[in-house]
Amino acid sequence: KVLKSYFWVLRSASPIQMSSPSLEKNVQIFCTHDKTDHTLMLWYQRTPGDTAMKLIGYLLYKAVTMEDQYKDGFDLTGDATKNGSLHINTARSVQTAVYFCAASKAQ
C-alpha cells in the first residue's frame, strides 16, 4: 500500500518578527485540512543545518502520542480529522526550527 501524506510547511504570508522577550513565551502552531478520512496528523521538526525531519508526535483522531525527547516542552492537541495544534512550551532559541504537519489515512 502507498501511504498518502500531505505536508504543509508552516509559514506566514507576511514576515514574522520575533524579539528576545517573545522567546520566553508559549508558542502555538495550527494545522488544518479538509480530508475527513485522514485520521492521523503527524508533527515534525527540522532544525537549522539538518536535513532530517524528526517526528515530534502524532494525533490519531484525538489521541496523542509524543516521542520521548519531545514530552517535556511540546504538546499536541486537536482532532486529526480536521485540525490540530503544536504547543511549544516556553519557547527557547534551541527550539528554532521549521515545523511540519502531515495528514494521512491511518494504516
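Bear in mind the structure is a predicted one, so any value in this text is a computation, not a measurement.

**Comments concerning the overall build of the chain**
Item 1. If you tally the helices and strands in the chain, you get 0 helices and 8 strands.
Item 2. Order of helices (α) and strands (β) in the chain, N terminus to C terminus: β-β-β-β-β-β-β-β.
Item 3. The buried share among the 107 residues of the chain stands at 34%.
Item 4. Of the contacts formed within the chain by residues at least 6 apart in sequence, a portion of 58% connects residues at least 24 apart.
Item 5. Just so you have it, the chain exposes about 7000 Å², and 52% of that area is on carbon and sulfur atoms.

**A short note on the state of the cysteines**
Item 1. Scanning all chains against the criterion turns up 1 disulfide.
Item 2. Cys31 shares a disulfide with Cys101; S-S distance 1.9 Å. Because the torsion about its S-S bond is 60 degrees, the bridge between Cys31 and Cys101 counts as right-handed. Residue Cys31 is located in strand E2 (residues 27–32), and its partner Cys101 is located in strand E8 (residues 98–104); the two are separated by 70 residues in the primary sequence.
Item 3. What makes Cys31 buried here is its relative accessible area of 2%.

**Structural notes on the confidence of the model for the chain**
Item 1. Across the chain, the average pLDDT comes to 76, with 73% of residues at or above 70.
Item 2. The least confident element of the chain is strand E1 (residues 5–9), whose mean pLDDT is 43; the most confident is strand E5 (residues 63–66), at 95.
Item 3. In this model residues 1–22 is a low-confidence stretch, pLDDT under 50, and it forms 37 contacts with partners more than four residues away in sequence or in other chains.

**Overview of the nonpolar core**
Item 1. The biggest cluster of nonpolar side chains holds 15 residues, and the ones touching the most others in it are Trp43, Ile56, Phe74, Leu86 and Tyr99.
Item 2. When neighbours within four sequence positions are excluded, Phe74 is seen to be in contact with Gln45, Ile56, Met66, Leu86, His87, Ile88, Asn89, Gln95 and Tyr99.
Item 3. One finds Leu40, Leu42, Tyr44 and Ala102 within the second-largest nonpolar core, a separate group that totals 5 residues.

**Observations concerning the pairing of strand E4 (residues 54–60)**
Item 1. As defined by bridge partners, strand E3 (residues 40–46) adjoins E4 across 6 bridges and the pair is classed as antiparallel. Looking at E4, one finds that Met41 is bridged to Leu59.
Item 2. Judged from the 4 bridges that link them, E4 and E5 form a sheet pairing that is antiparallel. Paired with Tyr58 across the bridge in E5 is Thr65.
Item 3. Counted between consecutive antiparallel strands, the loop separating E4 from E5 contains 2 residues, among which Tyr61 sits at a positive phi close to 55 degrees.

Reading the values: rules and limits
Residues numbered from 1 in each chain as written. Predicted model: local features only at pLDDT ≥ 70, side-chain atom pairs only at ≥ 80, totals over all residues. Heavy atoms only, no water. Helix = DSSP H or I, 4+ residues; strand = E, 2+ residues; numbered from the N terminus. Buried < 20%, exposed > 50% of the residue type's maximum accessible area, 1.4 Å probe, protein only. Contact = heavy atoms within 4.5 Å. Areas by Shrake-Rupley, 256 points an atom, 1.4 Å probe, with all protein chains shown as cover. Disulfide = S-S within 2.5 Å. pLDDT = per-residue confidence, 0-100. Core = buried A, V, L, I, M, F, W, Y, C linked by side-chain atoms within 4.5 Å. Pairing = 2+ DSSP bridges.

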